[in-house]
Each structure stands twice: as structure tokens, then as C-alpha cells.
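Letter by letter, the chains look like this.
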Amino acid sequence: MKNWCLYIITMLLLASCSEQQIMEETASSTKLTEHKSMTDAPQDTIMSLLYQARLGDGSAYLKLADCYRDGFGVKKDFFGMITMAHMAEWRGAINSMDDYIYGLPDGNDYKTLFLLMDGYKSYIQEGPDSIEQVLRANDSPEAKTLLGMIAVDQGDTISGMNMMKEAVEQGCSLAEMLLAIPDWKGRMRADATKLGILASRVPLAYSILGDIYYEPDENGKANRQLAAEYYMEAEKYAVLGGKGAARVLEYYRNGGNIQLTEDDVKRLELIVQPQRLMQ
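Bear in mind the structure is a predicted one, so any value in this text is a computation, not a measurement.

A. Spatial organisation of the overall build of the protein chain. In terms of regular secondary structure, the protein chain is built from 16 helices and zero strands. Taking the contacts inside the protein chain whose residues are at least 6 apart along the sequence as the reference set, 57% of them involve residues at least 24 apart. Just so you have it, the protein chain exposes about 13,400 Å², and 48% of that area is on carbon and sulfur atoms.

Shown next, in the form of C-alpha cells:
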């Protein structure tokens, strides 16, 4: 499996900026290294950045990535960081997510984790410097999740899943998302019940739920209204992709049972055609 972090982001459809995390975090006295101009309260800063991101501001996504990296106004979260960096790439703020990752300070824990997984399979998996050995020396839940992914990839599914469950208990959103997806290659439908529970903490799940209910199930049935509602929940957190936005607009314009304001339509149109921001 090449470029695991990028694969995960593509597989899980982008990801998470939780209002619950925002409201539960206490005010932080830490200032962002690259964004010293952020003088508002952390929660106010996050809400402002989310608003800007929903309007298509790619630089706001980069600042949100920094917030997740540093735990400024939100819970420090590896998955949140790479998600927002990926969104910044999609909005044209950077050429690729690698630009953001390689721009992080050397020695940053998240940079190290990303580069280890980005290089997985190209390393010799033996000796004290193997990726597994480095990850085992790191006691973070993200490292445990990545070790679990490696175990599953190497055929030890039980051990891998157990490691991810331990990571979930330690608060790792990446592990929690992966456990809600029974088959990372997409051959099986995700667990809608688990995703529904998870969505209030990791709004990425709203996008996946939208896909689940938009696409016909094994009985050929779909629920486009519910799908559109889930997609719009994802849009509230600035994580809705072009496919979901296009589906909501099509459903709405075909007389679907959903109420959208003029501003809602404009934001959805910008998601579908982000190049309009350059005009």
C-alpha cells in the first residue's frame, strides 16, 4: 500500500473539525508559531477560520491544520491536521499536502509520523531503525494506530485491530474512523450506526454517511433526502467534497425535500467549482 496517509485521506473522504472539541477545549495560552496574529480566544479563532474555510479560503484551511497540529482551540489531532492540509491542497493554497508536511519543523512528532508512513514499504523492515521499531518507541496513540495498520497489512488482522482499539481508548480519531470502515479498500459498506455515533465528534463521518444513503444499498434502495442532510452537516464543518456538494445541488434543483438558502447554494457551487474563487 503506497503513501498510506494520502490513501487514508482519500479513502475516508476528508475529515474532521468537531464543534464539540471546539466547545470543550479550555482557552489556551499557547500561540501558533506561524500565525502569531491570532490574538482572539482560541474558540473564536477556530470558528472564524471555519467560516472563512466554508467560503473557500485555502489559507484558512492551512491555519486550521496548524491549530490541530498545536492544539490551539481544538484537541491536538494528527488526523485533523492532515485532513485540513489536504483540504488546503484541494482549495489551491498549496500544491500538495507534502508541501505542508515538509514545511513543519524538523523533529515535529506529526511530521515524523507522516514521513514514516509515507515511506512505508520502501524501508527494510528489519533492524533497530525499521519503521515498526521507531513507532514502537513512540507511545502516542497515532503511532499505535499506524502500527495496527502495518499489522493488518501484513496479515495479522486481530493484533492490528486490537492496537487500533487501544488507540481509540487513548483518544485517536484516526483509529476510531478506521474501525468504522470494515474494508479499507472499499469493497464493503461502512457501518452507518457506528458512523452516526462518531459523527458528532468527527464530522468526516457525515460525508461518509451521505455517500452511504445516496448510493443504492444491496436492495437497490437509496435515501437521497437523508444523504443531502448528512452532506450539509459536513459542509457546516468545512469538510464537504465536490461530489457531495454536487449531489446536494442536483437533489435540491430537482425538487428534493431540502431547504437551502441562497448563501447555502453559493457555498455549494464554490465547492463544486473552486476555480471560481480565482476569478
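B. Up close: the nonpolar core. With 78 residues, the main nonpolar core has Met81, Tyr100, Leu135 and Leu195 as its most contacted residues. Of the residues forming this core, the biggest block, eight residues, is contributed by helix α5 (residues 78-90). Leaving out residues up to four positions away in the same chain, leucine 195 has contacts with Met177, Ala180, Ala190, Ala205, Ile208, Leu209 and Ile212.

C. Structural context of the environment of glutamate 233. Looking at where glutamate 233 falls in the secondary structure, it is placed in helix α14 (residues 224-236). Sequence separation between glutamate 233 and alanine 199 is 34 residues; the distance between their C-alpha atoms is 9.4 Å.

D. Focus on empty space enclosed by the protein. In total, this model carries one cavity of 30 Å³ or more according to the counting rule given. Reported here for the largest cavity is a volume of approximately 30 Å³. What lines the largest cavity is Ala53, Arg54, Tyr61, Arg91, Glu235, Ala238, Val239, Leu240 and Ile271. Of the residues that constitute the lining of the largest cavity, the class distribution is six nonpolar, no polar and three charged.

E. Focus on unusual backbone geometry. Of note in this structure, alanine 238 is not a glycine but carries a positive phi near 65°. For alanine 238, the location among the structural elements is in the loop between α14 and α15 (242-253). On the basis of relative accessible area, alanine 238 is assigned to the buried category, the value being 3%.

F. Local environment of the side chain of serine 140. Structurally, the position occupied by serine 140 is in the loop between α8 (131-136) and α9 (141-153). Take serine 140: its relative accessible area is 16%, and that puts it in the buried class. Within the local environment of serine 140, its side chain forms a polar contact with the backbone nitrogen of alanine 143, the two atoms lying 3.1 Å apart. Setting aside residues up to four positions removed in sequence, serine 140 forms contacts with Leu113 and Gln170.

G. Representation of the packing of helix α3 (residues 42-54) against helix α4 (residues 58-70) within the structure. Where α3 contacts α4, the axes come no closer than 8 Å and their chain directions differ by 145°. Taken as a pair, α3 and α4 cross one another with a handedness that is left-handed. Of the residues in α4, those touching α3 at Ile46, Leu49, Leu50, Gln52 and Ala53 are Ala60, Tyr61, Lys63, Leu64 and Cys67. Here the contact of α3 with α4 is composed, by residue class, of eight nonpolar, one polar and one charged.

H. Structural detail: the pattern of salt bridges. This structure, assessed with the given rule, holds 14 salt bridges. Of the charged contacts, one joins arginine 247 and aspartate 211 as a salt bridge, the two residues approaching to 3.0 Å between their closest N and O atoms. A residue pair is termed long-range when its members are at least 10 positions apart, and arginine 247 in helix α15 and aspartate 211 in helix α13 (residues 204-214) qualify at 36 residues. Using a relative accessible area of 15% as the deciding quantity, one classes arginine 247 as buried. On the basis of relative accessible area, aspartate 211 is assigned to the buried category, the value being 10%.

I. Structural detail: the packing of aromatic side chains. Tallying each qualifying case throughout the model produces four aromatic pairs. Relative to tyrosine 230, the ring of tyrosine 213 has its centre 5.8 Å away and its plane inclined at 20°; by these criteria the two rings are stacked. Of the two residues, tyrosine 213 is situated in helix α13 and tyrosine 230 in helix α14; the sequence distance between them amounts to 17 residues. The structure contains a cluster of three or more aromatic residues connected by ring pairs, namely Tyr206, Tyr213, Tyr230 and Tyr237. Lying over the aromatic face of tyrosine 110, lysine 76 brings its terminal NZ or CZ to 5.4 Å of the ring centre. Geometry around tyrosine 214 places arginine 224 over its ring, the cationic atom sitting 3.9 Å from the centre.

J. Spotlight on α14. In a regular helix each residue adds 1.5 Å, so 13 residues correspond to 18 Å; α14 covers 19 Å between its end C-alpha atoms and thus fits that length. If you check which residues of α14 are buried, you get Ala227, Ala228, Tyr231, Met232, Ala234 and Glu235. On an axial view of α14, the arc spanned by its buried residues comes to 155°, and they lie on one face. Looking at the buried residues of α14, the elements they touch are α3, α13, α15 and α16 (262-272).

Rules of the game
- Residues numbered from 1 in each chain as written.
- Predicted model: local features only at pLDDT ≥ 70, side-chain atom pairs only at ≥ 80, totals over all residues.
- Heavy atoms only, no water.
- Helix = DSSP H or I, 4+ residues; strand = E, 2+ residues; numbered from the N terminus.
- Contact = heavy atoms within 4.5 Å.
- Areas by Shrake-Rupley, 256 points an atom, 1.4 Å probe, with all protein chains shown as cover.
- Core = buried A, V, L, I, M, F, W, Y, C linked by side-chain atoms within 4.5 Å.
- Buried < 20%, exposed > 50% of the residue type's maximum accessible area, 1.4 Å probe, protein only.
- 1 Å grid on protein atoms, 1.4 Å probe; cavity = no way out; pocket = protein on both sides within 12 Å on 5 of 7 lines; lining within 4 Å.
- Points joined across faces, edges and corners; volume = space filled by probe spheres on them.
- Nonpolar A, V, L, I, M, F, W, Y, C, P; charged D, E, K, R; others polar.
- Polar contact = N/O pair within 3.5 Å; in protein donor to acceptor, adjacent residues only side chain to side chain.
- Axes fitted to C-alpha atoms, helices over the stretch in contact; angles between N-to-C directions.
- Left-handed = near helix turned anticlockwise from the far one by under 90°.
- Salt bridge = Lys/Arg side-chain N within 4 Å of Asp/Glu carboxyl O.
- Phe/Tyr/Trp six-rings, centres within 6.5 Å; stacked < 30°, edge-to-face > 60°.
- Lys NZ or Arg CZ within 6 Å of the ring centre and 35° of its normal.
- Expected span 1.5 Å × (residues − 1).
- Arc of directions from axis to C-beta.

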